[in-house]
Amino acid sequence: MNKNRYQQIMNRIQMPERCEQAILEQIAHNASPVPTRRTWKRNVIAGVAIAACISVIGMVSVSAIQGTNWIHQLFPNSSDDAATAQYASQQAGNVSAFSANLDDLDAELIAAFADESNLYYAVHLTPKTENPEKYTDRFTISQTGTFWFNGETNTEFLQGSASETRPDGDGYLFTNKIHLDSGTWENHMTYQAEMQAILYEGEQYETLKQNFGTIGTISITIDLQNKPQTSVYTASGTWNNASGFLNVEQVVLQPLTLTIDGTADNQTNSAKQVSVILKDGSTVAGEYMTSGYRNHGIVTEDLTQVEQFLYLEKPIDPTAATAIQMDDVTIPLTAKADNTILDPASMVATISNFTTTGMDDFTVTPLGVLSDGTNLAMVLNLAPNQPDMLPEETMFIIDVCSLNIDNKPLSELLSSESLNTVYAYSEQQADGTYTFTCKIQMDAFLNQQADVAFALKTSDDRTLGTVAFHLDNIQTIPSVTYTADGIWKHYVEIQKTYQVFHIQQVTCYPSHIKLAGKMDRDLVTQPESVSVILADGTIVSAVDLQDGKGGLSAGYGVSHNLDGTGWLEFDLPQPIDPNAVTYLKVDQTIIPLTAAE
């Protein structure tokens, strides 16, 4: 089978690419005459013109690192220089190149190291000319706020930085620590920052004397060699002070940084002291980043979803945390489970006894079936026996009235509320054959085995014949129902009013979600975007099968009940663990979910 065509087919049923090999292997091993058989990483392809004097950086020895004072400048409260030096040595191989093009300054790299989301480096700066009025002990350089990733500005990579310049011998020691609030470094990614020179006055550099403006750029290339170290914890605790409160719900730890997620009534309110408590009873203090707060959307009129970002005073083992301390409040941590995204390869069902009736004009070949217990996604190849026997715009659909699952006709499937939605789509290929994609969504779970039959029709309502087959190894992954309390509003311009959907319940299946609650009877518009946020922070954005397809539907779109409630249903582009859902995001509104009793 042509791999490109196969990929087009699998894209129609919106399954990730990693499922491809499993089904292709199934095809290859089938000797029957009738074959049976998409964070968060980004690829930035633009290059960047690196300035002269690029230096390749190898592993830095512990002794060399300990021989400089940059540790105390990057980690002013470090209680263990040896551990800091050891971590820097281990991560130094993740930085492969450095260059600087600065007016009137020579730049020598002293140390640099990086992990999944952080870059720390130290540079010795030597003035090229004597200028006693400029190069005083209050001279500093810093980033202007303009930066590039592989030569491109990229707003998807939110970043914060903290730098410091101090006199050092015949020049200055400049240190900088950069944290990606979202996204991770890609292999061979160059971070380039525009720099400025500033002269301050005062003991604490508190008064600006002169800004010399932009003086050039510093560029560093990251090539991640070591496995990322990130641990995600659930938390349940409230910190408060006279200005407001923060409900802590999730903590993300990396060796160098701490991220606190939760809901607050004041997104810029923070604790005076924050630390991580480790298994051995020791504590590691955190320091809020300059831009240490991020608003992620309104939860209710009184609550905002926020993130807080802190640097740690020394590197830690992210898996060794037991709690965080915020002032006098201790909040226990529970490690979150991995594998929130399920492997579609585990959902490949075995197809047998494939037969067709009344379709003598076609050769029909099943290409593959996926099932998670409530969804059947199937792709067929229809090859006309005579070229040009069908009009060019011919489409194939399912005759829904003929659908039969386990000897239950459509009427019984509907009366038992087992059948939810049937969706079908076909596309003609360059060789004249047709690929037919069919997705059947159930509200009741299938058994491990199932018999399926249906009739195929053309778009001009001509019945072609019937298809029947038997399935084995159907996986049953139970759904999880969550309670919710969130409001989504749609503004109707012509009426100058809002239509409201009060989301009170969310049912999560591996491949789709259902939102239910009180709904204004006039509401006919769906949200522009719906996503689930998983326990490890993964965001999976839902898709609407009715989006431009015109498929047969018994549930997608806005649905109303007579009692003033309603529901929305959406498909997920990759299968998830239904137990791992923590939040629902509807447009910009984030709604916490609690597993129903």
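Note that the structure is a prediction, hence the values are computed from the model and not measured. (Residues numbered from 1 in each chain as written. Predicted model: local features only at pLDDT ≥ 70, side-chain atom pairs only at ≥ 80, totals over all residues. Heavy atoms only, no water.)

Q: Just to check I follow, could you spell out the overall build of the chain for this structure?
A: Summing up its helical and strand segments, the chain has 6 helices and 36 strands in all. Burial statistics for the chain: of 597 residues in total, 52% are counted as buried. For the chain, the computed accessible surface area is about 27,100 Å², with 47% contributed by carbon and sulfur atoms. (Helix = DSSP H or I, 4+ residues; strand = E, 2+ residues; numbered from the N terminus. Buried < 20%, exposed > 50% of the residue type's maximum accessible area, 1.4 Å probe, protein only. Areas by Shrake-Rupley, 256 points an atom, 1.4 Å probe, with all protein chains shown as cover.)

Q: Sorry, what's going on with the sheet that holds strand β26 (residues 463–472) here?
A: Pairing between sheet strands relies on hydrogen bonds along the backbone, with the strands arranged either parallel or antiparallel. Across the sheet, 5 strands lie side by side as β18-β26-β25-β21-β22; this open sheet has antiparallel pairing. Looking along the sheet, the strands with just one partner apiece sit at the ends: β18 (350–357) and β22 (408–409). Bridge count between strand β21 (residues 396–405) and strand β25 (residues 450–458): 6 bridges; the pairing is antiparallel. Bridge pairing in β25 places Ile 405 opposite Val 452. (Pairing = 2+ DSSP bridges.)

Q: Can you walk me through the packing of aromatic side chains in this structure?
A: The geometry of two aromatic rings is summed up by the distance between their centres and the angle between their planes. The tally for this structure, following the rule as stated, stands at 19 aromatic pairs. Each member of the aromatic cluster is reached from another via a ring pair, and the members are Trp 70, Phe 75, Tyr 87, Phe 113, Tyr 120 and Tyr 311. Sitting above the plane of the Tyr 311 ring, Lys 177 keeps its charged end 4.5 Å from the centroid. Stacked on the ring of Trp 567, the Lys or Arg Lys 514 has its end atom at 5.2 Å from the ring centre. (Phe/Tyr/Trp six-rings, centres within 6.5 Å; stacked < 30°, edge-to-face > 60°. Lys NZ or Arg CZ within 6 Å of the ring centre and 35° of its normal.)

Q: What is the right way to read the pairing of strand β16 (residues 321–326) from this model?
A: Sheet faces and side chains relate simply in a regular strand, where the side chains alternate between the two faces. Taking burial as the measure, the 6 residues of β16 include 5 buried ones, the bulk of the element. Summarising the sheet, strand β13 (residues 274–278) and β16 pair through 5 bridges and their orientation is antiparallel. Counted as the bridge partner of Val 276 is Ile 324 from β16. Sheet topology note: the β16/strand β17 (residues 329–335) ladder contains 4 bridges and is antiparallel. Its bridge partner being in β17, Ala 323 is matched across the sheet by Pro 332. The loop that links β16 with its antiparallel partner β17 comprises 2 residues; one of these, Asp 327, has a positive phi angle of about 55°.

Q: Could you clarify how one ought to interpret the nonpolar core in this entry?
A: It is characteristic of soluble globular proteins that their nonpolar side chains tend to be buried jointly. With 36 residues, the main nonpolar core has Phe 436, Phe 454, Phe 469 and Leu 471 as its most contacted residues. Tallying contributions element by element places strand β24 (residues 434–442) first for this core, with 5 residues. Contacts of Phe 436, omitting those with residues within four sequence positions, involve Met 378, Val 379, Leu 380, Leu 382, Phe 396, Ile 397, Ile 398, Ala 424, Tyr 425, Ser 426, Phe 454 and Leu 456. (Core = buried A, V, L, I, M, F, W, Y, C linked by side-chain atoms within 4.5 Å. Contact = heavy atoms within 4.5 Å.)

Q: So what exactly am I meant to see when it comes to the pattern of salt bridges here?
A: When the charged atoms of two side chains with opposite charge come close together, those side chains can pair. Per the stated rule, a full pass over the model turns up 6 salt bridges. Lys 128 is paired through a salt bridge with Asp 106; the nearest N and O atoms lie 3.9 Å apart. With a gap of 22 residues between them, Lys 128 in the loop between β4 (118–127) and β5 (139–149) and Asp 106 in strand β3 (residues 105–114) connect regions that are remote in the sequence. A salt bridge links Arg 138 to Asp 137; the shortest N-O distance between them is 3.4 Å. A relative accessible area of 15% means that Arg 138 is categorised as buried. (Salt bridge = Lys/Arg side-chain N within 4 Å of Asp/Glu carboxyl O.)

Q: Help me out: how do you make sense of the side chain of Thr 221 in this one?
A: By secondary structure assignment, the location of Thr 221 is in strand β9 (residues 207–222). A relative accessible area of 6% means that Thr 221 is categorised as buried. Ignoring anything within four residues of it in the chain, the contact list for Thr 221 reads Asn 94, Val 95, Ser 96, Ala 97, His 188, Met 189 and Thr 190.

Q: Which parts of the structure should I look at to understand the sheet that holds strand β35 (residues 589–592)?
A: Taken in spatial order, the 4 strands line up as β31-β30-β34-β35 in an open sheet, and their pairing is antiparallel. Each end of this open sheet is capped by a strand with a single partner; those strands are β31 (539–541) and β35. In this sheet, neighbouring strand axes are inclined to one another by 25° on average, regardless of whether the strands run parallel or antiparallel. Where strand β30 (residues 530–534) lies against β31, 3 bridges are found, and the strand directions are antiparallel. Counterpart to Ile 533 in the pairing with β31 is Ile 539. (Axes fitted to C-alpha atoms, helices over the stretch in contact; angles between N-to-C directions.)

Q: Before we go on, may I ask you to explain the environment of Ala 596 in this structure?
A: Positionally, Ala 596 belongs in the segment after β36 (594–595). Sequence-wise, Ala 596 and Tyr 482 are 114 residues apart; in three dimensions their C-alpha atoms are separated by 5.0 Å. Beyond its immediate sequence surroundings of up to four residues, Ala 596 is in contact with Thr 481, Tyr 482 and Thr 483.

Q: Sorry if this is basic, but what is going on with unusual backbone geometry here?
A: Leaving glycine out, the prevailing phi sign among residues is negative, and the prevailing peptide bond configuration is trans. Positive phi, close to 60°, is recorded for Asn 473, a residue that is not glycine. Its location among the elements puts Asn 473 in the loop between β26 and β27 (480–492). For Lys 496, which is not glycine, the phi torsion reads 55° and is therefore positive. With respect to the helices and strands, the residue Lys 496 is situated in the loop between β27 and β28 (497–508). Taking the relative accessible area as the measure of exposure, Lys 496 reaches 55% and is therefore exposed.

Q: Looking at this model, I keep getting lost on the confidence of the model for the chain. Mind explaining?
A: Low-pLDDT stretches of the model should not have their predicted coordinates read in fine detail. When pLDDT is averaged along the chain, the result is 79; 82% of the residues meet or exceed 70. A low-confidence stretch, residues 1–67 stays under pLDDT 50, and its non-local contacts, those more than four residues away or across chains, total 154 contacts. For residues 545–555, every residue scores under 50 in pLDDT, and the model assigns this stretch 25 contacts once sequence neighbours within four places are set aside. (pLDDT = per-residue confidence, 0-100.)

Q: Even after reading the chapter, I still don't get the side chain of Gln 325, so can you show me in this structure?
A: Along the chain, Gln 325 falls in strand β16. Reaching out from Gln 325, the side chain makes a polar contact with the backbone oxygen of Asp 327 at a distance of 3.1 Å. In this structure the side chain of Gln 325 is engaged in a polar contact, spanning 2.5 Å, whose partner is the side chain of Thr 330. If we ignore the near neighbours within four places in the chain, the residues touching Gln 325 are Gln 273, Val 274, Ser 275, Ile 277 and Thr 330. (Polar contact = N/O pair within 3.5 Å; in protein donor to acceptor, adjacent residues only side chain to side chain.)

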